[in-house]
Structures are given as structure tokens and as C-alpha cells.
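Architecture and fold: a report
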Amino acid sequence: MFEHRCLNCGAKVNFGEFICDNCSMFIYEPSHTKSIYDIYHMGYYKDSLAILIKEFKYNKNLKIGKYLTDILCEYFRSIDIENHDYYVSYVPSNYFSIYNKGFIPAKIIADRFAKNFGLKVINLFKSKSYKRQASLSLNERHKNIQKKIKITTSIPKYLIIVDDVYTTGASMFECMNIIKKNVDFCLGLTLAKAHYGGDSFEEQV
Ligand SMILES: [Zn+2]
């Protein structure tokens, strides 16, 4: 019979599990970034969480996407935030990224997150960028993203913006920046924060 192994350390795991109990303890490591609005991160983009996110994003493993989103939901329940009828949206992927992956990981997270809380998903942002953010340096990322995200529909009063990995914060910042005059309250929520070399964008604002 096919043996299931932990994606991080190779230990045997039960059927349907991706990661052993020991490695799963390191997924949850919450942190918080101050940007235009508060952004909450479930863990750091390293070790088992990085391996699971890569498996979700690049091998389209939707079960792992659901598994991680359910942990994100548990984290969200623990955050003390204002109680509103939030809409849930996501940081958009650009054309090439969608073309290469065939799906939008952040939308998968937004859909499951909203379903778990009985909230509505809104496809609010669209990327006009034709360069892949991942291939660019910090300065290039900010230039690439500025004015490259547009609004596609009317902006709700209360909004949660989700993303998979928070790296420089450039895309999340731009999303928050274009809606700030119209929303009453907004917050960001990501699976992981990457340790990015160089100053974070938030610190420069
Ligand atoms: Zn393990």
C-alpha cells in the first residue's frame, strides 16, 4: 500500500495528511504588519509552511490550499477586530502568472475563507501588470505595481484583502491605497510573511 509521507521531513503520516504533527507545529507563527491598514500573517514563509505553500501554488494542490486556509480561519477568529459584514477580496495575479499557473492561489484562499465565515467574495482588483513581480527587485517591484492595479467594481465599506505570501508588501499596499478613500475599514490577511532582505515598503511610507 502507498505510504504517505510528511512533505517536510519524510516521516510517515496518516492517509490524507501532508505533514506530520511535529512539522505542523511550525506552521502557525502569527505576526502583524502596519501598512495603510493592519495586515495579519498566519506564519512565516519558511520550513514546512513554505513547502506547503509551494506545493499549493506551483503544483496546484488545492487540498493543501484548503488545509492552510482553515488554519488561517482559526487564526482570524483569534484576532480582535471590529465586527462588520465584511466582503473578502484578494490581491490580484497578473496575466502571465494566471496563464502559467492556470489559477489564482489568493482567490482559492479568499473563496474558502469567505465560505467558512459566511461572507461574500468580491472580485475587486485587477492587475494591469505584464511583468512578474517575483522576477523583480524591491525597487522594480514598487515601480511595476504602482498604478498597475485597478478597481473593477464598486468598493464595499468593510473589506478583508487576502493573499498567499506577503513579500515586499507592494501589491497589498497598492490595493489598500486605491480603496482607502472609499472604505470605512479594511484589513489584510496572508498565509505567510517572507523575511525580505532590505527595508520593507511600509517603513518607507
Ligand atoms: Zn514532518
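First, a word on what this report is: a plain description of the structure on this page. Source: prediction; values computed, not measured. (Residues numbered from 1 in each chain as written. Predicted model: local features only at pLDDT ≥ 70, side-chain atom pairs only at ≥ 80, totals over all residues. Heavy atoms only, no water.)

This next bit is on the overall build of the protein chain. Across its full length, the protein chain holds eight helices and eight strands. Within the protein chain, the proportion of its 205 residues that are buried is 47%. Look at the contacts in the protein chain between residues 6 or more apart in sequence, and 73% of them connect residues 24 or more apart. Accessible area of the protein chain: about 10,900 Å², with a carbon and sulfur share of 49%. (Helix = DSSP H or I, 4+ residues; strand = E, 2+ residues; numbered from the N terminus. Buried < 20%, exposed > 50% of the residue type's maximum accessible area, 1.4 Å probe, protein only. Contact = heavy atoms within 4.5 Å. Areas by Shrake-Rupley, 256 points an atom, 1.4 Å probe, with all protein chains shown as cover.)

Turning to unusual backbone geometry, a few remarks are in order. Positive phi, normally seen in glycine, also occurs at D47, with a value near 50 degrees. Note on placement: D47 falls in helix α2 (residues 47–58). Despite not being glycine, K60 has its phi angle at roughly 50 degrees, a positive value. As for its placement among the helices and strands, K60 is situated in the loop between α2 and α3 (62–78). The partly exposed category is assigned to K60, whose relative accessible area is 46%.

So, on to the coordination of the zinc ion. The coordination sphere of the zinc ion contains the protein donors C6 (SG), C9 (SG), C20 (SG) and C23 (SG), at a distance range of 2.3 Å. For the zinc ion, the four donor atoms in the first shell make angles of 102 to 116 degrees at the metal, so the coordination geometry reads as tetrahedral. Given a relative accessible area of 6%, C23 falls into the buried group. (Donors = N, O, S within 2.8 Å, 3.2 Å for Na, K, Ca; no water. Tetrahedral: all angles 85-135°; square planar, octahedral: opposite > 155°, others 65-115°.)

It is worth spelling out the pairing of strand β7 (residues 158–166) at this point. Among the nine residues of β7, eight are classified as buried, and the element is accordingly described as predominantly covered. Relative to β7, strand β3 (residues 87–90) runs parallel, the two being bridged by four bridges. Note on β7: the bridge partner recorded for V88 is I160. Of the pairings in the sheet, the one linking β7 to strand β8 (residues 185–193) comprises eight bridges and is parallel in character. Bridge pairing in β8 links Y158 to F185. In this fold, the crossover linking β7 to β8 by way of helix α7 (residues 170–179) has right-handed handedness. (Pairing = 2+ DSSP bridges. Right-handed = clockwise from strand over helix to strand, strands pointing away.)

Moving on: the sheet that holds β7. Reading across from one edge, β1-β2-β8-β7-β3-β4 is the order of the six strands in this open sheet, with mixed pairing throughout. Edge positions in the sheet fall to β1 (31–34) and β4 (120–121), since each has one partner strand and no second. Taken strand by strand, α2 contacts β2 (38–44), β7 and β8, and its axis lies near 100 degrees from that of β8. Here helix α5 (residues 105–117) sits on the sheet in contact with β3, β4, β7 and β8, set at roughly 135 degrees to β7. (Axes fitted to C-alpha atoms, helices over the stretch in contact; angles between N-to-C directions.)

Along the chain, T168 falls in the loop between β7 and α7. Given a relative accessible area of 5%, T168 falls into the buried group. Within the local environment of T168, its side chain forms a polar contact with the backbone nitrogen of A170, the two atoms lying 3.1 Å apart. (Polar contact = N/O pair within 3.5 Å; in protein donor to acceptor, adjacent residues only side chain to side chain.)

What follows deals with the packing of α3 against α5. Closest axis-to-axis distance for the α3/α5 pair is 9 Å, and the angle between their directions is 50 degrees. Comparing the axis directions of α3 and α5 gives the class oblique. With respect to the hand of their crossing, α3 and α5 are arranged in right-handed fashion. Contacts between α3 and α5 pair L62, K66, T69, D70, L72, C73, F76 and R77 from the former with I108, I109, R112, F113, N116 and F117 from the latter. Along the lines of polarity and charge, the residues of the contact of α3 with α5 split into eight nonpolar, two polar and four charged. (Parallel < 35°, antiparallel > 145°, perpendicular 65-115°, else oblique. Left-handed = near helix turned anticlockwise from the far one by under 90°. Nonpolar A, V, L, I, M, F, W, Y, C, P; charged D, E, K, R; others polar.)

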